[in-house]
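Tertiary structure, described
Chain by chain, the residues run as shown.
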Amino acid sequence: MRRWTEMLCRGATRLLAGGAAALIVGGIAHAQLAPPPGPTAEAIKKRGMLNCGIDTGVPGFAAQDASGKWKGIDIDYCRALAAAVLGDPEKIKYVPTTAAARFTVLQSGEIDVLIRDSTLTFTRSTVLGLDQVAVNFYAGQGFLVKKSLGVSKAADLQGATICTVTGATLELNIADFARSTGAKIDTLLFDKAEEAIAAMEAGRCDGYTDDSGSLAGMRSTLKVPGDWMVLPDLISKEPLGIHIRSGDARWNKIVFWLDTALKSAEEFGVTQANADQLKTTSKDPFVLRLLGVEGDFGKALGLDNDWALKAIKVSGNYGEMYDRYFGPKALDLPRGLNNLYNKGGMHYTLPLR
Amino acid sequence: MRIRNKAWAWQATTAGAVVAVLLWFSHNLSANLAIRGMQVDFAFLWQRSGFDIPFRLVAWDNSYTYGYALVVSGVNTLFAAALCVVLASLLGLLLALMRLSGNPLAVGFSRTSIEVVRNTPQLTQIVFFYFAVLQVLPPMRQSLQWGSGIFLNVRGLYIPSPSGVLWDWIVAGTCIVVLLVAVLWRRFSWHELPRIVVLPPLLVAGVVIAGFTASWELPALKGFNFVGGIRIPPELLALVLGITIYTSVFIAEIIRAAIQGIHHGQSEAARSLGLSSGQSMFLVILPQALRILIPPLTSQYLNIIKSTTLGAAIAYPEILQIFARTVLNQSGRAVEVMTLVLGVFLAINLITSAIMNAWNRRLALQGR
Amino acid sequence: MQAIGRVPVLGALFGTRLNAVISLAMLALMAWLLPPLFRWAFADAVWEAANRAACQAAGTGACWAFIRARFALFFYGLYPEPERWRADVGLLLLAVIGAGALLARRHKGWWLLALITVAPVGGGILLAGGVFGLKPIPTPQWGGLLLNVVISFVALAGAMPLGVALAFGRRSQFPVVRMLSIAMIEFWRGVPLLTVLFMGLVLLPLFLPGGVTVDNLVRALIVMTLFTAAYMAETIRGGLQGVAKGQSEAAEALGMHPMQVQVLVVLPQALRLSIPGIINIAVDLFKDTTLVSIVGLFDLMGVVTQSMKDPAWLGLAAEGYTFAAVVFFLACLVISMGGSLLERRYGQASRR
């Protein structure tokens, strides 16, 4: 026994030294390869999986239902993208990212694309080294305030305290708004929207500020929604959209034209239900090109020619997606700027030709 | 000789390996940043911040720099931590004494609260206390009022703020005098008096005298909020309450163990000298228990300092919220910001440990 | 007063004036807190409803229907439903081996060995799959309470040996080893877990060669293990200091190799002395696993927060947090109770 353990002890000394080295080497050996910044589409195909960065939870954009499935307009975009590139909307690894971590996760190569209700701004494009590909939701920053305050526009909020969440452009816009109008607005920054809303209901703040896309949903969660109102004016432009790493022109084009395809589909009346049928019956050359019947549009992107058809069949065109999450049966947010350009909105698609 | 050489070779290899790994990390970092067209650059610290900090103890407006935001939020962190250290120690002592008292309800309350508090996540408790505090405080238009200058409502406690050149000088002078007296205590002949009896009254007297010279600005309700005066926000109250209660149960257990670790003969001897039970506890038992409990107490104090980061969840503007959230978000400089935050916490904690260790050594020496 | 003093319970409660004041204050506190809490949590609570609107129509208390709808999600996260038996079996394995190590009268050593070998390896194979025809389940699908258990068990199992090594390292006669151990311990004890988790999960890829990534869960495990190991090292160091010097001198006199002395004689006694401290670390660790939700892993707290964003159940934060707090309370209570059992079974030897 004694001799045995003595040998063990001598061996252990050497093992300890070797073990540390082995741990480090082994850890790297077990690591998997992520795409180097560059040919992202090839890496996705080789991996057979799209790594899509999403929100950790915001109603309408990305939220889990009771069975744990992700739902929301950003999720539909991820699924359409996976269908276009891989032919299968289920081959996605969703990477939920917090506000503070989202861009670093994208920079580090852990995700291929960030579709996470993120505002496209100058700093994010330059200092952070990201490409901003498309806008999938036009929002603006608005205020939710108590009706009894007698406030009718944002400029009336001089001297008020406003609750909001940290890590987004929200706090910066308030600071800018206060500076530009000479108003003094105190902001109280919380990690989570639930806490910010609850603090407002408790009277800690005079109002809550967030993207207009979220405010309607937030109002419905209040104890007495009728006591509160969303101010009509917006203090900022919040074009929420899709970010990728800089330096991959081809991946940029794929994501950009996918967004265009989804919006064009709405413009030309192509829906989830009639897409297959229109492929044979349509006489519209735009529709035929979109669905891959004519031209080699998919090939030019390095994809199959029916890339857009596959994407549309997953969750429909842009309008269908919007209605599913923000329409009258869901969060009930008027389309406003998010309508097509020919219906008074901002979505003006580049022609597919 | 051979063995010693072998040992040194062993150590040199270990040190070399560590240095190599660190070099490897920094090499990777610079390579990765270069690929992305970024670089480590602390120049952003001198840029204008453009945001407001709702609660601060030193001057601040949105024209100050990012670097100064670290100072302002650091002071907020230290302020909350200091309050928690004092209050948690006192509450911990109270809980320990309750636990050792004979009253079954007090013992039961102490035991139940200790079990509940130490077995639920601290963040949940802090959020709970925040909303409990907000529920209890009255709405702003029905503020509790004392005199013409003190108001308490859901937005915080408002007190008059003093200002004036004479005020500044007298307060600063008093602080220096008190500090000097504390440091040079042993040089004075009246050191039979406990320090605690002399120093706080000295400080209070100085501040009161200064108060007569100051001009006071009273808080007043204007528009949405009270304007003027000093505001102590409910976030600070909730954070201090949450951390104090959480830490006090651990401190209570440490104090209880230390008190029980003092030999029984000590309290019996004290009693036979005619000391009351309170006197024997505070004059005989606790001073000796202090010696055993300083090392574990130091760990708890370090935990308090680290726990202040949970204030970010309830909108208390401390380092994590202001620097690691807002400044990181605005500047996009993740590596630089996180390195600074880690460095600041490491520095605060190492200094705290050093002070506590020094105190521990002095107590230990006195005992011999 | 005299009459009251003679009844045992009442005497203890109201015997002296101070006791009476304390007792009345306690009773008043209970009378103030308990009834509204009871009404909210039980009397007026709603247990069955399809969504929040239906819940509010049915009653004014807590909406526990929300918790029921999400129950499986809270426990398994996105772990696919047909494979959930694997998580159950894994937890059962852990529970059986854990109970064995606690309760067995003989072969205690083998049970403990199984706890640090069979349980993690078997549990890991069961959960991850990929061998023996088990379907591989990628770690992003692990979630809920399952994730809290996995993280705390692995971190604790990993921190034990590392903590022992650091504790010995801090007492080492080699200055380099000592300095490195001290630096390691003080670094991890000096920084908030939240910031190092953020560092590890978000910034780590920037410190590795281009293209290499490590699984998110593995990163969280490494950070939690190192953090726990630093605390473990200090606790065990305390235990080592508590072992009488005569023990190691006697062992050396018997001609044992210095390492044998430490591992076979000093360490077992030190570990016995450190059991209460280790249990505290385990409880803290389990509670701290909630912090991983901040870095995008969906532990119980993460799933609860995420569920509050479902448009059908918006605005039920109080119910979600209460449920999470109760689950954590129960789980930590189990750890503490197991700990005191451990203390009684293994700690006693030193007193014999």
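Residues numbered from 1 in each chain as written. Chains lettered and ligands numbered in written order. Predicted model: local features only at pLDDT ≥ 70, side-chain atom pairs only at ≥ 80, totals over all residues.

Further remarks concern the overall build of chain A. Regarding its fold elements, chain A presents 14 helices and 12 strands. Looking at the 353 residues of chain A, the share that counts as buried comes to 53%. Restricting the contact set of chain A to residue pairs at least 6 apart, pairs at least 24 apart contribute 70%. (Helix = DSSP H or I, 4+ residues; strand = E, 2+ residues; numbered from the N terminus. Buried ≥ 20, exposed ≤ 12 C-beta atoms within 10 Å, placed from the backbone. Contact = placed C-beta atoms within 7 Å.)

Bringing the overall build of chain C into the picture now. Broken down by element type, chain C carries 16 helices and one strand. Overall size of chain C, expressed as C-alpha extent along the three principal axes, is 80 × 75 × 40 Å. A burial count over chain C gives 41% of its 352 residues as buried. Restricting to contacts in chain C with at least 6 residues of sequence separation, those with at least 24 account for 64%.

On the side of chain B, 34 residues touch chain A, which itself brings 32 residues to the contact. Ranked by residues supplied to the side of chain A that touches chain B, first place goes to strand β9 (residues 186-190) of chain A with five residues. Residue composition of the side of chain A that touches chain B, by class: 14 nonpolar, 11 polar and seven charged. (Nonpolar A, V, L, I, M, F, W, Y, C, P; charged D, E, K, R; others polar.)

Listed as interface residues are 41 residues of chain B and, on the opposing side, 37 residues of chain C. Elements with a minimum of two residues in the side of chain B that touches chain C: α1 (2-35), α3 (104-118), α4 (122-136), α9 (277-307), α10 (319-331) and α11 (334-367) of chain B. Ranked by residues supplied to the side of chain B that touches chain C, first place goes to α1 of chain B with 12 residues.

Take the nonpolar core next. Side chains that are nonpolar tend, in soluble globular proteins, to be buried together. Membership of the largest hydrophobic core comes to 268 residues, with the highest contact counts inside it found for Leu81 and Ala311 of chain A. In contact with Leu81 of chain A, not counting residues within four places along its chain, are Leu50, Val113, Val255 and Leu258 of chain A. (Core = buried A, V, L, I, M, F, W, Y, C linked by C-beta atoms within 7 Å.)

Below, the discussion takes up the domain arrangement of chain C. Here chain C is partitioned into domain 1 (2-43) and domain 2 (65-79 + 137-351). If you average the C-alpha positions of domain 1 of chain C and of domain 2 of chain C, the two centres end up 39 Å apart. (Domains from an automatic or database assignment.)

Here Thr339 of chain B shows up in helix α11. The class of Thr339 of chain B is partly exposed, set by 15 C-beta atoms lying within 10 Å.

Residues and elements named next belong to chain A. Burial of strand β2 (residues 50-55) is extensive: six of the six residues sit out of reach of the surface. Note that β2 and strand β5 (residues 92-97) share six bridges and pair parallel. In the strand pairing of β5, Asn51 is matched with Lys93. Bridge analysis of β2 against strand β6 (residues 113-119) gives two bridges, and the strand direction is parallel. Directly across from Cys52, in β6, lies its bridge partner Val113. (Pairing = 2+ DSSP bridges.)

Attention now moves to the packing of helix α6 (residues 84-103) of chain C against helix α7 (residues 108-116) of chain C. All names here are of chain C. Running from N to C, α6 and α7 cross one another at 150°; their axes reach a closest spacing of 8 Å. Between α6 and α7, the interaxial angle falls into the category roughly antiparallel. For the crossing formed where α6 meets α7, the hand is left-handed. Of α7, the residues touching α6 (which contributes Ile97, Gly98, Gly100 and Ala101) are Lys108, Trp111, Leu112, Ala114 and Leu115. (Axes fitted to C-alpha atoms, helices over the stretch in contact; angles between N-to-C directions. Parallel < 35°, antiparallel > 145°, perpendicular 65-115°, else oblique. Left-handed = near helix turned anticlockwise from the far one by under 90°.)

Our focus in this paragraph is the sheet that holds strand β1 (residues 144-146) of chain B. Residue and element names in this part refer to chain B. Pairing is antiparallel in the open sheet, where four strands are placed in the order β1-β2-β3-β8. At either margin of the open sheet sits one strand with a lone partner, and together these are β1 and β8 (230-232). Averaged over all neighbouring strand pairs, the angle between strand axes comes to 15°, with direction disregarded. The sheet contact formed by β1 and strand β2 (residues 150-153) spans three bridges and is antiparallel. By the bridge assignment, Trp146 is partnered in β2 with Ile150.

This brings us to the domain arrangement of chain A. Residues and elements named next belong to chain A. Partitioning chain A into domains gives domain 1 (40-138 + 239-270 + 315-343) and domain 2 (140-237). For domain 1 and domain 2, the distance between their C-alpha centroids amounts to 26 Å. On the side of domain 2, nine residues touch domain 1, which itself brings 13 residues to the contact. Looking at side-chain class alone, the side of domain 1 that touches domain 2 contains eight nonpolar, three polar and two charged residues.

With that out of the way, let us pick up the confidence of the model for chain C. Here chain C shows a mean pLDDT of 81. Residues at 70 or above account for 93%. What the predictor reports for the complex is a pTM of 0.82 with an ipTM of 0.79. (pLDDT = per-residue confidence, 0-100.)

All names here are of chain B. Mapped onto the elements, Gly228 comes out in the loop between β7 (225-227) and β8. Look at Gly228 and you get partly exposed, because 15 C-beta atoms sit within 10 Å. As a C-alpha pair, Gly228 and Ala289 span 61 residues in sequence and 46 Å in three-dimensional space. Not counting residues up to four positions away in its chain, the partners in contact with Gly228 are Glu217, Leu218, Pro219 and Ala220.

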